[in-house]
Amino acid sequence: MAIVQCHSNGLPLQIDTQIGLRRKRQMRMALIWGGFLLFAAWCLNGTIVEDTDWSRIGGRNGVFASLGRYLTIDWTLLPELIVPTIETFMMASVGTVLGCFFSLPVAWLGAVNVTPNKTILYPLARFLMVISRSVHEIVWALIFVSAVGLGALPGVLAIAMRSVGFISKITAEAIENIDAKPVEAIRATGGNEFQVMYYGILPQIYPVVLATVIFEWDINIRRSAVMGLVGAGGLGLLFFRQMNSFNYGGVSMVILSILLLIVLGEIISHYLRKAVI
Amino acid sequence: MNGQTTAAIVKQKLTWSRYKFPESLWSFGTILAVLVFLAYSLHFLKIDVLMMLGALGKLGGVVAARFYPPELTYVTDPGYLASILDTLQMSFLGGILGVFLAIPLAWFSAWNVSPHRAIFFPIGRLGVISCRAIHETIWTILFVSVLGFGMLAGVSALTMFCIGFAGKLFSDEIEAVDMGPVEAMRAAGANSFQVFIYAVVPQVRVAFTGIAIYTWDVAFRAATVVGFFGGGGMGWYLKRNVQQLENLRVGAIILSIIAMVLVAEFISGWLRSAVNRAK
């Protein structure tokens, strides 16, 4: 993108200055790319060259042999798959709704124009949003498994906690961007805080929030499919069992059903979001 | 007479509702259906509702009793610090590979400039969707079983994850370009590769850079747990200590993960704003 630099009087700069500026820009780009490539080379060296035991992989044939084990699909697993698939779907749904429930207060405290206290509660809510997003769902699941034991409950809670950050962040932004006039009008006619929320804020944010929740639900199906890896039920548990019993065809079957479930979820969420907006 | 009119107005006001008859039926019906489904799910999953709602308080108690005080000396150990560097290397390499593989797939799967709508479009879509659909931890387990423990498996899993993540954002971005230059190139007889390079890339370059940086940020978040399933990095320490029930160390590791993710988020935010300024 060539930009012609001009003096304040509108005349173009001297041609030397132009060339100098361009050269400077090129130098900077070269430096950025050089640094980037050096960093990439360092990463490549650290991970692939130093840390990989090529003899153990067994060369190209070894890799193909291990890949080939997955190509046979164990269809006999099909009847065992139905209940975990429903469980996974339900865990994602309940987790998403619970996450919405948890995000309501966080979004309310974290939106700068409606927060009751800007010095303590607002930063606290922002901090909660960041924590929820930066802790991976597997780690959340580990914490909840140690808190409430095995089963579907820790999975639901982990999904809920992981969803809080995204839902409440988008909701808080939507609240910050609302039109203030209806809110003032309701206040002027004597509406109390609840009425201001229900009639002034909620109608303005609900399409955005609902679309976000549906989007998050779609992602949560993916997350709930791995909750079983750390002891929280669903398809992940079946995957883990098949993997541990070296039934590679069964592993492929579980992955196929995960794919099917997620494509189904994606289609549903696509049409739901269309209906909402 | 006058009093009656006032009473009628008051009555009318009282029966005002935001939803009129057909919509109210639809919306309440939907809400009811969702609630019934949720109630049935809770029953099916055998979840105790009171326990679920009380879990947050319990979480506080568990954290205070088991994970506090975190053993901070453990995370300043040189071996652990090296694993943080490993995580950084894995996420960076996975991000680069994923982004470079995602660009052609995104080109294929963008409906408006796809080179062939009957052949390449489904290939691109299917590639991106299947990379996205399978969670990064499952990719890790699969790659570990093929390539063995270590960072190579982690990098491969993160690459797949980044293809799915960046590919979707890239193709959305390509589908939103101004079609004027594309039509002009096509009218001048350019093939679809030339159209992509000269009409699409200049329009999406800045957005792609931003997305690539964001992809690295998300990949770093994923890289913190890739090690849990044998992919190398911080996650491996997490797994070891979880299995040995060294809860104070686990607390310290989780704290360090949060800190590193915050640092990565800060760096990515700063880089993205720098890219937007240089545009």
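Residues numbered from 1 in each chain as written. Chains lettered and ligands numbered in written order. Predicted model: local features only at pLDDT ≥ 70, side-chain atom pairs only at ≥ 80, totals over all residues.

## Observations concerning the overall build of chain B
Consideration 1: When helices and strands are tallied, chain B shows 13 helices and zero strands.
Consideration 2: On C-alpha atoms alone, chain B measures out to a radius of gyration of 27 Å, which is more than a quarter above the 19 Å that the 2.2 N^0.38 rule sets for 279 residues.
Consideration 3: Projected onto the principal axes, the alpha-carbon positions of chain B cover approximately 90 × 70 × 40 Å.
Consideration 4: When the 279 residues of chain B are sorted by exposure, 39% land in the buried category.
Consideration 5: Sequence separation of 24 or more characterises 73% of the internal contacts of chain B that already satisfy a separation of 6 or more. (Helix = DSSP H or I, 4+ residues; strand = E, 2+ residues; numbered from the N terminus. Rg over C-alpha atoms; globule rule 2.2 N^0.38 Å. Buried ≥ 20, exposed ≤ 12 C-beta atoms within 10 Å, placed from the backbone. Contact = placed C-beta atoms within 7 Å.)

## Side note on the overall build of chain A
Consideration 1: Within chain A, the secondary structure is distributed over eleven helices and zero strands.
Consideration 2: Relative to its length of 277 residues, chain A is extended, with a C-alpha radius of gyration of 27 Å against a globular reference of 19 Å.
Consideration 3: Taking the principal axes of the C-alpha coordinates as reference, chain A spans close to 75 × 70 × 35 Å.
Consideration 4: Put simply, chain A has 277 residues, and 39% of those count as buried.
Consideration 5: Restricting to contacts in chain A with at least 6 residues of sequence separation, those with at least 24 account for 69%.

## Describing the confidence of the model for chain B
Consideration 1: In this model, chain B carries an average pLDDT of 85, and 92% of its residues clear a pLDDT of 70 or more.
Consideration 2: Listed scores for the predicted complex are pTM 0.84 and ipTM 0.83. (pLDDT = per-residue confidence, 0-100.)

## Concerning the domain arrangement of chain B
Consideration 1: The domains assigned to chain B are domain 1 (7–60) and domain 2 (72–278).
Consideration 2: The C-alpha-based centres of domain 1 of chain B and domain 2 of chain B are spaced at 38 Å. (Domains from an automatic or database assignment.)

## A short note on the domain arrangement of chain A
Interfaces are often sized by the accessible area lost when the parts come together.
Consideration 1: Domain parsing of chain A yields domain 1 (15–67) and domain 2 (75–276).
Consideration 2: For domain 1 of chain A versus domain 2 of chain A, the separation of C-alpha centres amounts to 37 Å.

## Side note on the environment of Ile267(A)
Consideration 1: Examined against the element boundaries, Ile267(A) turns out to sit in helix α11 (residues 248–276).
Consideration 2: As a C-alpha pair, Ile267(A) and Asp218(A) span 49 residues in sequence and 9.3 Å in three-dimensional space.

## Focus: the interface of chain B and chain A
Consideration 1: Taken together, the contacts link 49 residues of chain B with 48 residues of chain A.
Consideration 2: For the side of chain B that touches chain A, the class distribution of residues is 33 nonpolar, ten polar and six charged. (Nonpolar A, V, L, I, M, F, W, Y, C, P; charged D, E, K, R; others polar.)

## With respect to helix α7 (residues 120–133) of chain B
Consideration 1: With 14 residues, α7(B) should cover 20 Å at 1.5 Å per step; its first-to-last C-alpha distance of 20 Å lies within 8% of that length.
Consideration 2: Every buried residue of α7(B) is listed here: Gly124(B), Gly127(B), Val128(B), Cys131(B), Arg132(B) and Ala133(B).
Consideration 3: Buried-residue contacts for α7(B) involve α9 (193–224) and α11 of chain A together with α6 (78–108) and α9 (151–175) of chain B. (Expected span 1.5 Å × (residues − 1).)

## Brief notes about helix α11 (residues 192–226) of chain B
Consideration 1: If you check α11(B), its first and last C-alpha atoms are just 38 Å apart, much less than what 35 residues at 1.5 Å a residue would give, namely 51 Å.
Consideration 2: Within α11(B), the axis deviates most sharply at Val201(B), by approximately 60°, and proline Pro202(B) lies no more than four positions further along. (Bend = angle between axes of the 7 residues up to and from the residue.)

## Concerning the nonpolar core
Consideration 1: If you look at the biggest cluster of nonpolar residues, it comprises 138 residues, and the most contacted ones within it are Ala141(A), Val156(A) and Leu158(B).
Consideration 2: It is α11(B) that provides the largest number of residues to this core, a total of 15 residues. (Core = buried A, V, L, I, M, F, W, Y, C linked by C-beta atoms within 7 Å.)

## Some details on the packing of helix α10 (residues 179–187) of chain B against α11(B)
All names here are of chain B.
Consideration 1: Following both chains from N to C, one finds α10 and α11 inclined at 145°, their axes separated by 9 Å at the closest point. Handedness of the α10/α11 crossing: right-handed. Side by side, α10 and α11 meet where Pro-181, Val-182, Met-185 and Arg-186 of the first sit next to Gln-194, Val-195, Tyr-198, Ala-199 and Val-200 of the second.
Consideration 2: Residue composition of the contact of α10 with α11, grouped by class: seven nonpolar, one polar and one charged. (Axes fitted to C-alpha atoms, helices over the stretch in contact; angles between N-to-C directions. Left-handed = near helix turned anticlockwise from the far one by under 90°.)

## Some points on the packing of helix α4 (residues 78–110) of chain A against helix α10 (residues 235–244) of chain A
Residues and elements named next belong to chain A.
Consideration 1: At their nearest, the axes of α4 and α10 sit 8 Å apart, and the two run at 135° to each other. Classified by the angle between their axes, α4 and α10 sit oblique to one another. For the pair formed by α4 and α10, the contact residues are Leu-81, Pro-84, Thr-85 and Thr-88 on the first element and Leu-235, Leu-237 and Leu-238 on the second.
Consideration 2: Its residues assigned to classes, the contact of α4 with α10 shows five nonpolar, two polar and no charged. (Parallel < 35°, antiparallel > 145°, perpendicular 65-115°, else oblique.)

## Section: the environment of Met197(A)
Consideration 1: Mapped onto the elements, Met197(A) comes out in helix α9.
Consideration 2: In sequence terms Met197(A) and Ile186(A) are eleven residues apart; their C-alpha atoms lie 9.6 Å from each other.

## A closer look at the confidence of the model for chain A
Consideration 1: Within chain A, residue pLDDT values average 85, and 95% of them lie at 70 or more.
Consideration 2: Ranking the elements of chain A by mean pLDDT puts helix α2 (residues 54–57) of chain A last, at 71, and helix α7 (residues 152–176) of chain A first, at 90.

## With respect to unusual backbone geometry
Consideration 1: Even without being glycine, Phe246(A) reaches a positive phi, approximately 55°.
Consideration 2: One can find Phe246(A) in the loop between α10 and α11.
Consideration 3: We classify Phe246(A) as exposed; it has 10 C-beta atoms within 10 Å.
Consideration 4: Positive phi is not limited to glycine here, since Lys46(B) has a value of about 55°.
Consideration 5: Mapped onto the elements of the fold, Lys46(B) is located in the loop between α2 (21–44) and α3 (49–53).
Consideration 6: Its 10 C-beta neighbours within 10 Å are what place Lys46(B) among the exposed residues.

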